[in-house]
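One-letter residues, chain by chain:
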Amino acid sequence: MVLKVKDLGKSFGKTSIFKQVSFDVDKGEIVCIKGKSGEGKTTLLRCINDLEKADAGSIEINGLIMCKEENGHIKYAAKDEMLSIRQEIGLVFQSYNLFPHMTVKENLMEAPLFLKKMPKNQIEQSAMELLNQLELDGKENSYPYQLSGGQKQRVAIARACMLNPSILCFDEPTSALDESTRMQISKIIRQLSAQGIAIIIVTHDNAFVDEIAQRVITLSKGSISEKLI
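All values derive from a computational prediction rather than experimental measurement. (Residues numbered from 1 in each chain as written. Predicted model: local features only at pLDDT ≥ 70, side-chain atom pairs only at ≥ 80, totals over all residues. Heavy atoms only, no water.)

Engineer: Account for the packing of helix H3 (residues 104–115) against helix H4 (residues 120–133), with residues named and values stated.
Structural biologist: Their axes nearest at 9 Å, the elements H3 and H4 cross at an angle of 130°. Our classification of the angle between H3 and H4 gives oblique. Remark: the crossing between H3 and H4 carries right-handed chirality. Where H3 abuts H4, its residues Val104, Lys105, Leu108, Met109, Pro112 and Leu113 lie against Lys120, Ile123, Glu124, Ala127, Met128 and Leu131. Looking at the contact of H3 with H4, its residues break down into 9 nonpolar, no polar and 3 charged. (Axes fitted to C-alpha atoms, helices over the stretch in contact; angles between N-to-C directions. Helix = DSSP H or I, 4+ residues; strand = E, 2+ residues; numbered from the N terminus. Parallel < 35°, antiparallel > 145°, perpendicular 65-115°, else oblique. Left-handed = near helix turned anticlockwise from the far one by under 90°. Contact = heavy atoms within 4.5 Å. Nonpolar A, V, L, I, M, F, W, Y, C, P; charged D, E, K, R; others polar.)

Engineer: Talk me through the side chain of Asn107; I want residue IDs and the actual numbers.
Structural biologist: Relative to the elements of secondary structure, Asn107 occurs in helix H3. The exposure class of Asn107 is buried, given its relative accessible area of 1%. Of note is the side chain of Asn107, whose polar atom sits 3.2 Å from the backbone oxygen of Met102. Ignoring sequence-local partners within four residues, the contact set of Asn107 consists of Leu98, Phe99, Met102, Pro144 and Arg159. (Buried < 20%, exposed > 50% of the residue type's maximum accessible area, 1.4 Å probe, protein only. Polar contact = N/O pair within 3.5 Å; in protein donor to acceptor, adjacent residues only side chain to side chain.)

Engineer: Describe the pattern of salt bridges, with residues and values.
Structural biologist: Under the defined criterion, the tally for this structure stands at 9 salt bridges. Measuring nitrogen to oxygen at the nearest pair gives 2.9 Å for the salt bridge that ties Glu179 to Arg182. Residue Glu179 and its partner Arg182 are located together in helix H6 (residues 179–194), separated by 3 residues, close to a single helical turn. A relative accessible area of 46% means that Glu179 is categorised as partly exposed. Note on Arg182: relative accessible area 9%, which makes it buried. (Salt bridge = Lys/Arg side-chain N within 4 Å of Asp/Glu carboxyl O.)

Engineer: Break down the packing of aromatic side chains for me, with residues and values.
Structural biologist: Per the counting criterion, the structure on display carries 1 aromatic pair. A ring pair is formed by Tyr143 and Tyr145, whose centres lie 6.5 Å apart and whose planes are at 20°; its orientation type is stacked. A relative accessible area of 66% means that Tyr145 is categorised as exposed. Across the ring face of Tyr76, the terminal group of Lys53 is positioned such that the distance to the ring centre comes to 4.1 Å. (Phe/Tyr/Trp six-rings, centres within 6.5 Å; stacked < 30°, edge-to-face > 60°. Lys NZ or Arg CZ within 6 Å of the ring centre and 35° of its normal.)

Engineer: Tell me about the nonpolar core, and name the residues and values.
Structural biologist: Residues Ile157, Leu168, Phe170, Ile189, Leu192, Ile199 and Ile201 are the most contacted members of the largest nonpolar core, which totals 37 residues. If you tally residues by element for this core, the top one is helix H5 (residues 149–161), at 6 residues. Discounting residues that sit within four places of it in the chain, Ile199 has contacts with Glu29, Ile30, Val31, Leu168, Phe170, Ile189, Leu192 and Ser193. Listed in part, the 33 residues of the second largest apolar core include Ile59, Ile61, Val202 and Ile217. (Core = buried A, V, L, I, M, F, W, Y, C linked by side-chain atoms within 4.5 Å.)

Engineer: Before we move on, can you summarise the environment of Met82 with the specific residues and values?
Structural biologist: Here Met82 shows up in helix H2 (residues 79–86). Given the relative accessible area of 7%, Met82 is considered buried. Considered as a pair, Met82 and Ile65 are 17 residues apart in the sequence and their alpha carbons are 8.8 Å apart. Not counting the four nearest positions on each side in its chain, Met82 is found in contact with Asp50, Lys53, Met66, Tyr76 and Ala77.

Engineer: Please provide a residue-by-residue account of the sheet that holds strand S6 (residues 73–76), values included.
Structural biologist: The sheet built from 5 strands is open, its strands ordered S2-S1-S4-S5-S6 with antiparallel pairing. Two strands in the sheet have a free side with no partner beyond their single neighbour: strand S2 (15–25) and S6. With direction set aside, neighbouring strand axes in the sheet form an average angle of 20°. Relative to S2, strand S1 (residues 3–12) runs antiparallel, the two sharing 7 bridges. Looking at the pairing, Val5 lines up with Phe23 of S2. Along the sheet, H2 contacts strand S4 (56–61), strand S5 (64–70) and S6; its crossing angle with S5, the most-contacted strand, is approximately 120°. (Pairing = 2+ DSSP bridges.)

Encoded structure:
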């Protein structure tokens, strides 16, 4: 298993968002998380990506323990280990979160340059290869405001792939996209899955779920149920 979530719980103040949430995701598997607004789907993704701290339970990625519960308290990995763990998982935000003052290529290169993953020329080559793969060649010097919604989505996917993650999470990837662009995003997600990347998708788009999911997790009233497709 690439991802193991066990008995995860999260509250904001006295409000419980979810509790005892457990599920696994395997290499290359496409899992969709459904649920009504306010059920905690995005919060769950943010906990898995260490953008929110869980209150209970454990998260394990590729055998590396992000957090675990000990004696009623949750303990997170040390800073250096957490840096390695976070490189195993990427998140494509609903609003893309591209840096507006950077070109497309600069957006892709920012994180690997900061982490000194490889020489700059190799990082640039990887960025250009990803842009070509996602049919964004010729857009490397464009700024986010010059792109369509579908192009921004693909740039965000390319940026998330720059660190070669084992898991890629998508928050509402088809919202505000037309049918043609939605099909293009679906094709890209399948290609990533075929490369062995585990895919987790939060979406309200039932048609998209029916089209792409291999397994569906429904988050309701703070707990989950699962269904194989």
